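Spelled out from the first residue to the last, the chains are:
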Amino acid sequence: MEIYSSSQNKQKTLKPREVYYSRTKLILGVIIWTVASGLCGILTFRLANSPGVMALCGAVNLCMVWMLYGCIRPLGNLDKPALIIGRDGIRFEDGLLIEWADMTENTYYSQSYMGIPTLKMIQIKTTLDKPKTKKMRVAALDIDSDEYLELCDTYSKRAALAPARA
């Protein structure tokens, strides 16, 4: 039995929802990781007399530079959607479409340590041969966990109802 849905809400679910990266979140990430990697770089060079500690700080700094790259790369693609959620499934920015029928699990992870967000990621497990699991970091997307899960729930239900009515 279908729960009542307004005609306006039904119209929204006929067209797919495009989810873009947030310019503000990406710029903030660039600033944070630039300052953090710069400070860690200074610390690394000050520890030149202790090669073991210097190597450890260098490895941490390399991770920070990788995070900086992860914030800079999407800034060039702000006009392209990172995710497209529609009746056919979820399409990722690399072009991969995972249909609703192929999903066995769709999870939004949101971890934090003492109030500081440490990981925001979606993980989709599929029945497909490749990929068995699709993961994507979503901290910089212009969508939160509640909205993402609501969209997935709405579109997957509409997709399930569409063939039954045809």
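Heads up: the structure comes first, above all this text.
Residues numbered from 1 in each chain as written. Predicted model: local features only at pLDDT ≥ 70, side-chain atom pairs only at ≥ 80, totals over all residues. Heavy atoms only, no water.

### Looking at the sheet that holds strand S7 (residues 133-137)
To keep it simple, the criterion reads: Note on pairing: DSSP must find at least two bridges between two strands before they are called paired. For helices the rule is a DSSP run of H or I covering at least 4 residues; for strands it is a run of E covering at least 2, with both sets numbered from the N terminus onward. Every axis corresponds to a line fitted to the C-alpha atoms, with the helix fit spanning only the stretch in contact, and the corresponding angles, defined between N-to-C directions, vary from 0 to 180 degrees.
In spatial order, the strands read S5-S6-S7; together these 3 strands make up an open sheet with antiparallel pairing. Every other strand in the sheet has two partners, leaving strand S5 (103-113) and S7 as the edge strands with one partner each. Going across the sheet, the axis of each strand differs from the next one's by a mean of 15°, ignoring polarity. Pairing between S5 and strand S6 (residues 116-126): 10 bridges, direction antiparallel. Bridging from a neighbouring strand, serine 112 pairs with proline 117 of S6.

### Section: helix H3 (residues 51-72)
Our working definition: The span one expects for a helix is its residue count, reduced by one, times 1.5 Å. What makes two residues a contact is simply this: any of their non-hydrogen atoms within 4.5 Å.
With 22 residues, H3 extends 31 Å between its outermost C-alpha atoms, agreeing within 8% with the 32 Å of an ideal straight helix rising 1.5 Å per residue. On its buried side, H3 packs onto helix H2 (23-46).

### Digging into the nonpolar core
Among soluble globular proteins, nonpolar side chains are generally buried collectively. Note the threshold: Only buried residues count toward a nonpolar core. Its members are Ala, Val, Leu, Ile, Met, Phe, Trp, Tyr and Cys residues joined through side-chain atoms within 4.5 Å. Only protein chains enter the calculation, and the probe is 1.4 Å; a residue is then buried if its accessible area is under 20% of its type maximum, exposed if over 50%, and partly exposed in between.
Counting residues in each nonpolar core, the largest one holds 24 residues, and the members touching the most others are Leu83, Ile85, Ile90, Met136, Leu141 and Tyr148. Secondary-structure elements contributing two or more residues to this core are strand S2 (83-86), strand S3 (89-92), S5, S6 and helix H4 (145-165). Ranked by residue count, the leading element in this core is H4, at 4 residues. Apart from the residues lying within four places of it in its own chain, the contact partners of leucine 141 are Val19, Tyr20, Tyr21, Ser22, Lys25, Ala82, Leu83 and Met136.

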